[in-house]
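Topology and contacts: notes
Here is how the chains run, residue by residue.
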Amino acid sequence: SVDQDEALAKDFLSSHNLRASDMCYQTSIAEWRYASDITSENERLKLEQSLVAARFEKEAWKNITSFNWEPFTDPDLKRKFRLLSVLGPSALPEEKLTQYRKSVDAMETIYSTAKICSYTNPADCGLSLDPDITETMRSSRNFDELKHVWHQWHQQSGGKMRGHYERFVELSNEAARMNNFSDTGAYWLRNYESDTFKKDIEGLWQTVKPFYLQLHAYVRAKLRAHYGEDKVPKNQPIPAHLLGNMWAQAWANINDLVTPFPGKMSVDVTPEMQKQGYTPKKMFQMSEDFFTSLGLLPTPPEFWSGSIIEKPADREIVCHASAWDFCNGKDFRIKQCTKITMEDFITVHHEMGHIQYFLQYKHLPLVYREGANSGFHEAVGDALALSVQTTKHLKEIGLLDKSSPQDHEATINYLLLTALDKIAFFPFAYIMDKWRWDVFDGSISSADYNCHWWKLREEYQGIRSPVTRAEVDFDPGAKYHIAANVEYIRYFVSFVIQFQFYKSMCITAGQYDPNNPALPLHECDFYRSKEAGAKLGAMLAMGSSRPWPEAMRALTGQDRMDASAFREYFKPLEDWLIAKNKELGEPIGWSSEGLNCQ
Ligand SMILES: C=C(C[SeH])C(=O)N1CCC[C@H]1C(=O)O
Ligand SMILES: [Zn+2]
């Protein structure tokens, strides 16, 4: 009978949960050993463990799918079976799974160990992305130096991955089809449990696009003022290497070139952090303090003893920041090559947001120890960072002079700095997976990989490669998440919902009142608000046990992604940009001819 089956099913799941947690621990340890010490031996051990895990998962999957779980009456039991009935890449035969893993590992190793030669000292060919290349992209204002660094990085990273990526796509799609998905893109989208998800994302992009175009036009005008008309022509896409970031995904590092009212205090506190002798440890402790001030959970001792928060001098590691859950309810770590910059201070909070989620749902069965959807996991830390980065909070922690005025001009300066990260990001996040959806569903063949990438970069971001590209290149591989095969639309989702989370926590903390101009949304700092923390914690503790609209309702009362929170946040800036672009006579948008790829 169904009842007996359900009783048997529950027993099976509770024993499976213990075995799966232990296997997850072994796999996490092997992955950590490789990511924190890139050697062929550690890569081999990681591959070996992934095959052991695959055998376990295949066996478990056979048992799980042997239950006739669709007619189960217990909704929670049914949800667990539905989530566990998708096997993933482990469905591949071992030989193909080995090739699949080797393709991704090769690309991640190429990305994490790539070196370029210095622009100023061509004999020095030991420059790595983190910290050397990142620092040049952040601080150089020399057009040719930026172009050299940009070009060399693309050649030494993505340029060496094309063959691996082609093989990866074939095997990933084969695995997706074995899991009854049309392709890898469809397999990825199951995470969002919505058949209108792609349409919803397109709708959100259409909502933010007019604002993005205004920001793009203003920034282009300011870049022209610095680099000259010939380098940054009107009505053309912006050269991709001038935005302060290797991928032009976040533009806050060129704030000094674009800030509307330069006389005002600088809201980029990087110099002040360095002047005050900030260390990575201090940055993490300050983040921990913010979380516990909200009554959220402190990190355990294992976190501080196990984490790597500075780039080691004696070995190669994967420097791209990451947070790790070792599945044993005790071990949680961050690996980050932390620099003393405001950008990295925000990233510290981003990663600590992942750790807080892990801590909040560690009591749940393994199958539910995930974000409500992947965007939720990316949004937690950023929602708190929106509070930390306010001039009010920065004054409170002594990074901004308490006497600096909080007037309209200071507000526009602050909102512009935030928009340089948050608004500039949307088209980048969108094309990261638009390009991959097109590749996975076959609309783009490998013969068109690179020029399709640049077509999307020009059409959505309005940026252009500073050097002519061709199909011999593979520029998508120059971005970590393509090399390491990490889905990206989660960040688009995060950048929408983090403003919904922030707004709700601000209202709960009494720090924002739509009817009180003295309490505008963008100045809200909910530091120490136990009520705001309690609501966030309650949502996090749900993990993925309920469909994500229910989790969102627990914190915000809404059950959908909604752009109005960030539109409200940035409203003063949007009005200012429209007027400013008119005053500057800067055309909005760019012409579509002249794609720099053939
Ligand atoms: C900091 C992380 C680790 Se989940 C990251 O990859 N982020 C955070 C913001 C967007 C994205 C990126 O760097 O591309
Ligand atoms: Zn993240």
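This write-up is about the structure you can find in this document.

Here is what the cut-offs are and how they apply
Residues numbered from 1 in each chain as written. Chains lettered and ligands numbered in written order. Predicted model: local features only at pLDDT ≥ 70, side-chain atom pairs only at ≥ 80, totals over all residues. Heavy atoms only, no water. Bend = angle between axes of the 7 residues up to and from the residue. Helix = DSSP H or I, 4+ residues; strand = E, 2+ residues; numbered from the N terminus. Buried < 20%, exposed > 50% of the residue type's maximum accessible area, 1.4 Å probe, protein only. Polar contact = N/O pair within 3.5 Å; in protein donor to acceptor, adjacent residues only side chain to side chain. Donors = N, O, S within 2.8 Å, 3.2 Å for Na, K, Ca; no water. Disulfide = S-S within 2.5 Å. Pairing = 2+ DSSP bridges. Axes fitted to C-alpha atoms, helices over the stretch in contact; angles between N-to-C directions. Left-handed = near helix turned anticlockwise from the far one by under 90°. Contact = heavy atoms within 4.5 Å. Nonpolar A, V, L, I, M, F, W, Y, C, P; charged D, E, K, R; others polar.

Quick look at helix H15 (residues 374-388)
Where H15 bends most, at Val380, the angle is about 30°. Of all 15 residues in H15, 15 are buried, a share of seventy percent or more. Taking the backbone nitrogen of Gly375 as reference, a side-chain oxygen 2.6 Å away marks Asn373 as the first, capping residue of H15.

Looking at the coordination of the zinc ion (ligand 2)
Bound to the zinc ion (ligand 2) on the protein side are His350 (NE2), His354 (NE2) and Glu378 (OE), at distances that span 1.9 to 2.1 Å. Counting gaps between the donor residues of the zinc ion (ligand 2) yields the pattern H-x3-H-x23-E. Placement of the pair is His350 in helix H14 (residues 342-360) and Glu378 in helix H15, with a sequence separation of 28 residues. The burial state of His350 is the same as that of Glu378; both residues are buried.

Here's the deal with the state of the cysteines
The full count for this structure, using the stated rule, is five disulfides. Covalent S-S linkage joins Cys117 and Cys125, the inter-sulfur distance amounting to 2.1 Å. What sets the handedness of the Cys117 and Cys125 disulfide is the S-S torsion sign, and at about 105° it is right-handed. Between the sulfur atoms of Cys506 and its disulfide partner Cys524 the distance amounts to 2.0 Å. Between Cys506 and Cys524, the S-S dihedral sits near -90°, and the bridge is therefore left-handed. Of this pair, Cys506 sits in helix H21 (residues 489-508) while Cys524 is found in the loop between H21 and helix H22 (530-540), placing the two residues 18 residues apart along the sequence. With respect to class, Cys506 is no different from Cys524; both count as buried. If the cysteines joined by disulfides in the protein are listed in sequence order, their pairing comes out as 1-5, 2-3, 4-6, 7-10, 8-9.

Examining the pairing of strand E4 (residues 322-325)
In E4, alternate side chains face the same way, and those of Ser322 and Trp324 on one face and Ala323 and Asp325 on the other are all buried. Of the pairings in the sheet, the one linking E4 to strand E5 (residues 332-335) comprises four bridges and is antiparallel in character. Looking at E5, one finds that Asp325 is bridged to Phe332. Between E4 and E5, which pair antiparallel in sequence order, lie six residues; one of them, Cys327, sits at a positive phi of approximately 70°.

So, the packing of helix H5 (residues 129-139) against helix H6 (residues 143-156)
Following both chains from N to C, one finds H5 and H6 inclined at 145°, their axes separated by 9 Å at the closest point. In this structure, H5 meets H6 at a crossing whose hand is left-handed. Contact with H5, carried on its side by Leu129, Ile133, Thr136 and Met137, involves Glu145, Leu146, Val149, Trp150 and Trp153 of H6 and no other residues of that element. Looking at the contact of H5 with H6 residue by residue, the classes come out as seven nonpolar, one polar and one charged.

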